[in-house]
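Now for the letters of each chain:
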Number of protein chains: 2
Amino acid sequence: MTELSENSVGIVKTETMRIVEQDRPLELACGKALAPIDVAYETYGKLNDAQDNTVLICHALSSNAHVAGYNSDDDKKPGWWDAMVGPGKCIDTNKYFVICSNFLGGCSGTTGPSSINPATGKPYGLDFPIITIADMVKVQKLWLDKLGIKKLLAVIGGSIGGMQVLQWAVEYPDIVKSAIAIATTTHLGAQSIAFDAVGREAILADPNFTGGQYHNGEGPDRGLAIARMIGHITYLSEQGMREKFGRQQRKAESYSYDFNSEFAVETYLNYQGQTFVERFDANSYLYITKAADYFDLKKDHGSLTRAFANTSSRFLIVSFASDWLFTPAQSRDIVNALVANSKDVSFCDIASPYGHDAFLLEPGTLGLFISSFLDATYQPGVRQNNNLDTIRQKRHIGRLEQARRTRVDYELIESLIEPNSTVLDIGCGDGELLANLTADKNIKGKGIELDQERVLACVGRGLSIIQHDIEQGLENYADKNFDYVILSQTVQTVKNPEKVFKELLRVGKKVIVSFPNFAHWKSRAQLFFLGESPVTKRLPFSWYNSPNIHFLSLKDFDRFCRKLRVKVEKKIPLGKTSLSPVRFAPNLLAEQVIYVTSKK
Amino acid sequence: MTELSENSVGIVKTETMRIVEQDRPLELACGKALAPIDVAYETYGKLNDAQDNTVLICHALSSNAHVAGYNSDDDKKPGWWDAMVGPGKCIDTNKYFVICSNFLGGCSGTTGPSSINPATGKPYGLDFPIITIADMVKVQKLWLDKLGIKKLLAVIGGSIGGMQVLQWAVEYPDIVKSAIAIATTTHLGAQSIAFDAVGREAILADPNFTGGQYHNGEGPDRGLAIARMIGHITYLSEQGMREKFGRQQRKAESYSYDFNSEFAVETYLNYQGQTFVERFDANSYLYITKAADYFDLKKDHGSLTRAFANTSSRFLIVSFASDWLFTPAQSRDIVNALVANSKDVSFCDIASPYGHDAFLLEPGTLGLFISSFLDATYQPGVRQNNNLDTIRQKRHIGRLEQARRTRVDYELIESLIEPNSTVLDIGCGDGELLANLTADKNIKGKGIELDQERVLACVGRGLSIIQHDIEQGLENYADKNFDYVILSQTVQTVKNPEKVFKELLRVGKKVIVSFPNFAHWKSRAQLFFLGESPVTKRLPFSWYNSPNIHFLSLKDFDRFCRKLRVKVEKKIPLGKTSLSPVRFAPNLLAEQVIYVTSKK
């Protein structure tokens, strides 16, 4: 073993605890009863006196309770999420009491199909009952009860672990303060079911499977390896595979003209298949993939919106752009259902080439999201400045931000908003306006922003922030969902202002719009006298590099409002820096303008 | 059998021909020799007197020589591309002599691993030599020689058939007048190699494979079925599968809680696997997928550009937007290599939800492309008006076209172009300007257009047209590749005019740009006096629905040219309809303007 670094949790022991006794079986979703049930688990860090710092990690298909550190001095590799969990790491064991158990049906200590069936004295094999994600979570809850843990600061997991996170939030709303669901879905689509089915077929077709009772024989190693190979293709992205392997050959430049493994990607998959066989049980593979296939919150609750109706956690939903197994669209479905319930949800689709496996391979960016969200949930009052500052220093937020949003704008918009109201800020940047409104006016604010780094900054501020392109509309927001919707210095940059504006008017009781006045006298004069496309301080771009794709004046917007039958409640023409409105000839003298509008 | 419709080729017989005799073996790419070789084939229609109407179809992995019609009265299904081939169909057997052979290594009559090995008197099995796509094409060429066919009007194929098309064009440039390569690639990427490798592993792992000598036993049916199931997932798109199957269950609403096939998609895949086993040979599956894995024109020729350097065919390259097996990006690589060689190539990425299988499932749109291209290649002088008219009537080409491009513009641009020159028209619409220039000035023209229907119209005119977004640049076009590049009424609609304009100046000796003058007096007056975003006849859109996202005047463009150090050779300010230039105060009085520019 390499020497332990100072941010490792060190040597840990997997504990086992009996949580269901032989004489009091647990009823499962399939209707069958199971007993006894043992749970294997690990813990890192310490439960604090307030008992409010427990972070439950749920693992994915092929991993187990061993999240971080080493089980012995001889261990060559640390736990599966060691990059994320440890003292000073993103899930900081100095702050948090981190726990993880091998799930029901697994093969790393918790009761599963390779456990001894008390009825026969032999391993269960296919006599093990079919289990569901809900069963797994039920067992975790019994385990928590036994540990004496009553509240969870957060439940975190990726992939099938993310399914457990969602199930936790839906089933135990009072216990789960926050839920971080990564690269997951509320249900597998047809393609994923198909891949699972073919993997299972490879195991079942292996003659060494012998009906699941292979424990004294060779076991279905080739079948399990094929299943794993199929799985592995789906965990990587096409781009990731191309960049990692391409058409590289393992040995010679020329072809071998036989059926041996020859391309690097073949060798890699063979290796993955073979090593998997050494550490995993074929029956567990069957049961866990079936549990994943069966997971369907929509089916359980009638609709996804209803599924999340009673949740009370803060949610952080994360997807990865190149994940084609559990896609960003599937994560957005979760977000949409939470939005439809007006829940506190943040979402980011992280740019990554690593496909589904990014939840293991992107500890940097993912870690920042998780730590920012955890910290803001744990200590909402405390600005985690160190974190935010690092983010800001390390990551550039361009000049566009400054050009679009100005202090004058912000201060005036703040003055227009009633205390204790609800606010949706479109294109909210790093969340400054929302943070100010929250601090000064006690509003309940939500943000929409496209840029990943700005979304991260908002998460760090503890805001409810969704990465979203406003051009796609606001379909899942209820009518009149907010007292105010703010569109500051953005209307001139969207492709379809009419569609966007109508959406805002639908979800907001009042819509506050600000934009630069294209009919300011300087612009007029420039075109009229000089015959040039105007370049001014407020419109500082040349015709060929402007982010502004629409040019409008106060008069244009007035007409637009009349056309859409929108009521203009206030119109505040502004000079360059002054907070006092331009009263005389505003369409000529205002550099920018703020409208407060509402539906007639 | 259902009654034969009048556009069916009717009952056809698969013929077999020995093309390599036992005593004169064919040397293969792997270095081994093979003899004898028989080829199974079908033909439809008649070879004309000029012997210039032969269309060779190359089939994909699991199909064979039986393209169209029925082999007997009892046949339940017609040939695999019956939708495309027949009298009056897109590949019209009234006009064309259509031929197809089962490829080398197949299992439908042509010599392959299930043929008898003369050395042993038993089927070859794994003693069959590894074959390549080039070997397949070599055998096809020998077959054509034997048939006495010296010229091919077109070689057409999808998927692995498309690989053969490319190989034909590269290997036999003098024979192939045109090449239509659909949903194909010059090489498999890592992900596709991986899927093939897992499929082969499933066959090899089946104990009934018995080293390939399974012909007296059961055969590796389960392994082959698994391979086919994997393949099938890759032939469909995620969207296609979702829409077709979703999470639909075969029988009950509730789960069965066992490992039987339960979801509709599982049942479908099982069925596909089982029926495949009945009609296909496992050894052939191994050999053909290996041939596909080995296909790599880049490796063969050092670079893709070099691979296509000596081709002399017209090319039509077609991909499907949802094909994730052989992706649109891979088709674009082919197009780029052809463009870099200044070859006659047309390209369209057809919008389809059907994934890779779209080449079988989109006979409508694909058929229009193929028939338009074939007709224009066969009789380049003859306007296939019926076709074009149908397309135009059936498919709407919106008002944008009319707004962007005008007769005045066209006529003036035509007058600026020297006879016999080379021209690239960016955003060429339905190709009218290029067609006129070709007819009137004998230019060699090429077009770039984004809209699928307009691309189709251009193909019908016999133009070389590439579906491409000019914002992506012109990376693969050589410097000074064209005498003229035309950008008519488009510069104001592109996101990055500077980047685009620089690219045009690189590839064209002269660049002709036309655009509406934003500083026309009417626009000036409207902003100056009325304070409104101008709406004029030339700029007919309101601020919120304009496709124009940049606004520029003659003066702006002059300054832009100075900044980029571009020489303005001519500047022709124009009125509304007149061909005579506006001589006085053009920036005030011109409604539009045409610039002829070049690099200094």
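Caption draft 1: Representation of the overall build of chain A. When you go through chain A residue by residue, the secondary structure sums to 21 helices and 21 strands. Computed over the C-alpha atoms, the radius of gyration of chain A is 28 Å, within 12% of the 25 Å expected from 2.2 N^0.38 for a compact globule of 600 residues. Overall, chain A is about 90 × 65 × 50 Å in size when its C-alpha atoms are taken along their principal axes. Expressed as a percentage of the 600 residues in chain A, the buried residues total 63%. Long-range pairs, those at least 24 residues apart, make up 71% of the contacts in chain A between residues at least 6 apart in sequence. Total accessible area on chain A is roughly 23000 Å²; 48% of this is exposed by carbon and sulfur atoms. Each charge class in chain A was averaged separately, 68 positive and 68 negative side chains, and the resulting centres sit 10 Å apart.

Caption draft 2: Expanded view of the environment of E253(A). Looking at where E253(A) falls in the secondary structure, it is placed in the loop between α5 (238-244) and α6 (264-279). Its relative accessible area of 70% is what places E253(A) among the exposed residues.

Caption draft 3: Fine view of the packing of helix α19 (residues 521-530) of chain A against helix α19 (residues 521-530) of chain B. Interhelical geometry of α19(A) versus α19(B) gives an angle of 145° and a closest axis separation of 9 Å. Here the hand of the crossing between α19(A) and α19(B) comes out left-handed. Facing α19(A), whose interface residues are S523(A), R524(A), A525(A), L527(A), F528(A), F529(A) and L530(A), α19(B) presents S523(B), R524(B), A525(B), L527(B), F528(B), F529(B) and L530(B). In the contact of α19(A) with α19(B), the residues fall into 10 nonpolar, two polar and two charged.

Caption draft 4: Broad picture of the relation of the copies chain B and chain A. Each copy of the sequence occupies a distinct position, and chain B is placed on chain A by a rotation of 180° and an axial shift of 0.1 Å, giving an RMSD of 0.1 Å. Such a combination of turn and shift is consistent with a two-fold rotation axis. For chain B, the residue whose C-alpha comes nearest the rotation axis is I549(B), separated from it by 2.3 Å. When the interface residues of chain B are mapped onto chain A, 100% of them again fall at the interface, so both copies present the same face.

Caption draft 5: Spotlight on a nonpolar patch on the surface. A cluster of nonpolar side chains, namely W521(A), F584(A), L588(A) and L589(A), defines an oily patch on the protein surface of about 400 Å² accessible area. Mapped onto the fold, L589(A) is located in helix α21 (residues 586-589).

Caption draft 6: Broad picture of the pairing of strand β17 (residues 464-467) of chain A. All names here are of chain A. Going residue by residue along β17, you find S464 and I466 tucked away on one face and I465 and Q467 tucked away on the opposite face as well. The pairing of strand β16 (residues 444-449) with β17 spans four bridges and is classified as parallel. Looking across to β17, one finds that G447 is bridged to I465.

Caption draft 7: Quick peek at the domain arrangement of chain A. Residue and element names in this part refer to chain A. Taken domain by domain, chain A comprises domain 1 (1-151), domain 2 (157-187 + 298-380), domain 3 (188-294) and domain 4 (399-599). Centre-to-centre separation of domain 2 and domain 4, based on C-alpha positions: 30 Å. In this assembly, 21 residues from domain 2 lie in contact with 15 residues from domain 4. For domain 2, the biggest contributors to the area lost against domain 4 are V339, F347 and F369; these three give 30% of the whole. Our enumeration of links across domain 2 and domain 4 arrives at zero salt bridges. At the junction of domain 2 and domain 4, the tally comes to 13 residue pairs in polar contact (both at pLDDT 80 or more). Looking at the side of domain 2 that touches domain 4, the elements that each hand over two or more residues are α10 (328-340), β14 (345-350) and α12 (363-378).

Caption draft 8: Summary view of the pairing of strand β11 (residues 154-158) of chain A. Residues and elements named next belong to chain A. Buried residues dominate β11, accounting for five of its five residues. Judged by which residues are buried, β11 turns out to be covered on both faces: A154, I156 and G158 on one side and V155 and G157 on the other are all buried. Both strand β5 (residues 54-58) and β11 contribute to a ladder of four bridges, which runs parallel. Along β11, the bridge assignment pairs C58 with G157. Sheet analysis places β11 next to strand β12 (residues 178-182), joined by four bridges and oriented parallel. Within β12, the position partnered with G158 by the bridge is I182. On the question of chirality, the crossover connecting β11 to the parallel β12 by way of helix α2 (residues 160-171) is right-handed.

Caption draft 9: Looking closely at the interface of chain B and chain A. Counting residues at the interface gives 87 residues for chain B and 87 residues for chain A. Viewed at the interface, chain A and chain B are joined by 12 salt bridges. Of the charged contacts, one joins E201(B) and R222(A) as a salt bridge, the two residues approaching to 3.2 Å between their closest N and O atoms. At the boundary of chain B and chain A, one finds 38 residue pairs in polar contact (both at pLDDT 80 or more).

Caption draft 10: Here's a closer look at the packing of aromatic side chains. Under the counting rule described, the total for this entry stands at 58 aromatic pairs over all chains. Arranged with centres 5.5 Å apart and planes meeting at 85°, the rings of F128(A) and Y287(A) form a pair that is edge-to-face. Taken as a pair, F128(A) in the loop between β10 (122-123) and α1 (133-147) and Y287(A) in helix α7 (residues 282-294) lie far apart in primary sequence, 159 residues in all. A relative accessible area of 2% means that F128(A) is categorised as buried. With a centroid separation of 6.1 Å and 90° between ring planes, the pair formed by Y255(A) and Y257(A) is classed as edge-to-face. Among the residues examined, Y257(A) registers a relative accessible area of 25% and is labelled partly exposed. Note that R228(A) overlies the ring of F276(A), its terminal NZ or CZ placed 4.2 Å from the centroid. Above the ring of Y255(A), the side-chain terminus of K299(B) is found at 4.6 Å from the ring centroid.

Caption draft 11: Up close: the nonpolar core. Among the nonpolar cores identified, the biggest contains 261 residues, and W168(A), F308(A), W168(B) and F308(B) are the most heavily contacted of them. In contact with W168(A), other than residues within four places in its own chain, are L56(A), C58(A), V137(A), Q140(A), K141(A), L144(A), L152(A), V155(A), P173(A), I175(A) and V176(A).

Caption draft 12: Region of the structure containing the pattern of salt bridges. Residues and elements named next belong to chain A. For the coordinates displayed, the defined rule picks out 44 salt bridges over all chains. D293 is the salt-bridge partner of R200, the closest N and O atoms lying 2.9 Å from each other. Pair noted here: R200 is in helix α3 (residues 190-205) and D293 is in helix α7, with a separation of 93 residues, a long-range link. Linking K502 and E498 is a salt bridge whose minimum nitrogen-to-oxygen distance equals 3.5 Å. Of the two residues, K502 and E498 are both situated in helix α18 (residues 497-507); the distance of four residues between them amounts to about one turn of the helix. On the accessibility criterion, K502 (45% relative accessible area) is partly exposed.

Caption draft 13: Structural context of helix α16 (residues 432-441) of chain B. Listing the buried residues of α16(B) in full gives L433(B), L434(B), A435(B), L437(B) and K441(B). Of the residues trailing α16(B), N442(B) is marked for its positive phi of about 55°.

Definitions and cut-offs
Residues numbered from 1 in each chain as written. Chains lettered and ligands numbered in written order. Predicted model: local features only at pLDDT ≥ 70, side-chain atom pairs only at ≥ 80, totals over all residues. Heavy atoms only, no water. Helix = DSSP H or I, 4+ residues; strand = E, 2+ residues; numbered from the N terminus. Rg over C-alpha atoms; globule rule 2.2 N^0.38 Å. Buried < 20%, exposed > 50% of the residue type's maximum accessible area, 1.4 Å probe, protein only. Contact = heavy atoms within 4.5 Å. Areas by Shrake-Rupley, 256 points an atom, 1.4 Å probe, with all protein chains shown as cover. Lys, Arg positive; Asp, Glu negative; His and termini not counted. Charge placed at Lys NZ, Arg CZ, Asp CG, Glu CD. Axes fitted to C-alpha atoms, helices over the stretch in contact; angles between N-to-C directions. Left-handed = near helix turned anticlockwise from the far one by under 90°. Nonpolar A, V, L, I, M, F, W, Y, C, P; charged D, E, K, R; others polar. Least-squares fit on C-alpha atoms with pLDDT ≥ 70 in both. Patch = residues over 30% accessible without salt bridge, like charges linked within 9 Å, V, L, I, M, F, W, Y side chains within 5 Å. Salt bridge = Lys/Arg side-chain N within 4 Å of Asp/Glu carboxyl O. Pairing = 2+ DSSP bridges. Domains from an automatic or database assignment. Buried area = accessible area lost by both parts, 1.4 Å probe. Polar contact = N/O pair within 3.5 Å; in protein donor to acceptor, adjacent residues only side chain to side chain. Right-handed = clockwise from strand over helix to strand, strands pointing away. Phe/Tyr/Trp six-rings, centres within 6.5 Å; stacked < 30°, edge-to-face > 60°. Lys NZ or Arg CZ within 6 Å of the ring centre and 35° of its normal. Core = buried A, V, L, I, M, F, W, Y, C linked by side-chain atoms within 4.5 Å.

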